[in-house]
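Structural overview for review
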Amino acid sequence: MSGGITGQDPELLRRLLRAKDRMDAASHEHWPVRRLARVSRVSEAHFARSFRQAFGVPPHRYLLTRRIERASALLRDTDLPITEIAFQTGWGSLGTFGRIFRDVTGDSPGAIRARARATAQELAPVPTCHVSAAQRPDLTIAVSEKRRRVARRYKSP
Amino acid sequence: MTQGVQVAGLYVRDQDEALAFYVEKLGFRVHTDVKNGDFRWLTVQHPEQPSFQLGLFVPGPPVLDAATAQTVRALVAKGAMPPLVLVVDDCRAACERMRARGVEFTQEPVDRYGTVDAGFRDPSGNGWKMLQARR
């Protein structure tokens, strides 16, 4: 079904939401398309296309934003070492974590930690999960594309 | 209380299904269930909160045209509706009880500085936080 903006079957969307929920609940885990497609009870090819149409981003990029969000929360709310945060949020190495974190947020994990602490008190009355969601990175383009754009910007006068 | 919010509503995909969910799985009771042709005004109420009704409404005619209704159904199914918060005395016990009845949890109970919260969805896709406040 190609469909316009409202063209997707709500029953399918509800099952796609289930896959999204599962990534939310365990963003540190591996979520290959095969696993997600099984949660939504659709074929792999159908899953990737439908998820993107429903939620505006491909599933792997959605997962990335959740990992960055969670890492940001841990940077903000805990004293865990950055290596430990990288490990807990699903990255295999500190290097990959640091690079992607910078690509997505424009800042290093250490800088985000320092800034978040400076503004922490103002948000105290809002439920924690909603504060966290509000700070989710808005990753509308691929990380590789974002990286290229930043590189271009630095090159231009 | 004589003034304040009396009804706030949710859009659901099927009122019978929603009614069974909120009554049998969450312990609400029916407050009003009135039909007028295709239109059904259905509200439920938490037994400990008699001043408030939660409306369970289906998007559709005569209130919404077919295309708008389809858009709303898609939004609900995508979990795009605003957050809902249910307050409980014991989040972990409630979670266990509700899970045994088949409620779909999206987040296990988590301790946050003295409060405990979990997340679940109704069959339509409406997302709830279940919050145990600090004592």
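What comes next concerns the included structure. Just so we're clear, the structure is a prediction, and the values are computed from it rather than from any experiment.

The rules behind each value
Residues numbered from 1 in each chain as written. Chains lettered and ligands numbered in written order. Predicted model: local features only at pLDDT ≥ 70, side-chain atom pairs only at ≥ 80, totals over all residues. Heavy atoms only, no water. Helix = DSSP H or I, 4+ residues; strand = E, 2+ residues; numbered from the N terminus. Contact = heavy atoms within 4.5 Å. Buried < 20%, exposed > 50% of the residue type's maximum accessible area, 1.4 Å probe, protein only. Polar contact = N/O pair within 3.5 Å; in protein donor to acceptor, adjacent residues only side chain to side chain. Salt bridge = Lys/Arg side-chain N within 4 Å of Asp/Glu carboxyl O.

Turning our eyes to something else, we now look at the environment of A:Pro58. All names here are of chain A. Within the secondary structure, Pro 58 sits in the loop between α3 (44-55) and α4 (59-77). Sequence spacing of Pro 58 and Ala 111 is 53 residues, and the spatial spacing of their C-alpha atoms is 28 Å. Aside from chain neighbours lying at most four places away, what touches Pro 58 is Phe 51 and Arg 52.

Okay, the side chain of B:Asn126 next. Residues and elements named next belong to chain B. Position of Asn 126 among the secondary structure elements: in the loop between β7 (115-121) and β8 (127-132). Overall, Asn 126 belongs to the buried group, its relative accessible area being 4%. Reaching out from Asn 126, the side chain makes a polar contact with the backbone oxygen of Tyr 11 at a distance of 3.0 Å. The contacts of Asn 126, once residues within four sequence positions are left out, are Leu 10, Tyr 11, Val 12, Val 76, Met 81, Leu 84, Phe 120 and Arg 121.

The interface is formed by 15 residues belonging to chain A together with 19 residues belonging to chain B. Joining chain A to chain B, the criterion identifies three salt bridges. A salt bridge links B:Arg121 to A:Asp21; its shortest N-O distance comes to 2.5 Å. Taken together, the links from chain A to chain B amount to six residue pairs in polar contact (both at pLDDT 80 or more). Secondary-structure elements contributing two or more residues to the side of chain A that touches chain B are α1 (10-25), α3 and α8 (128-134) of chain A.

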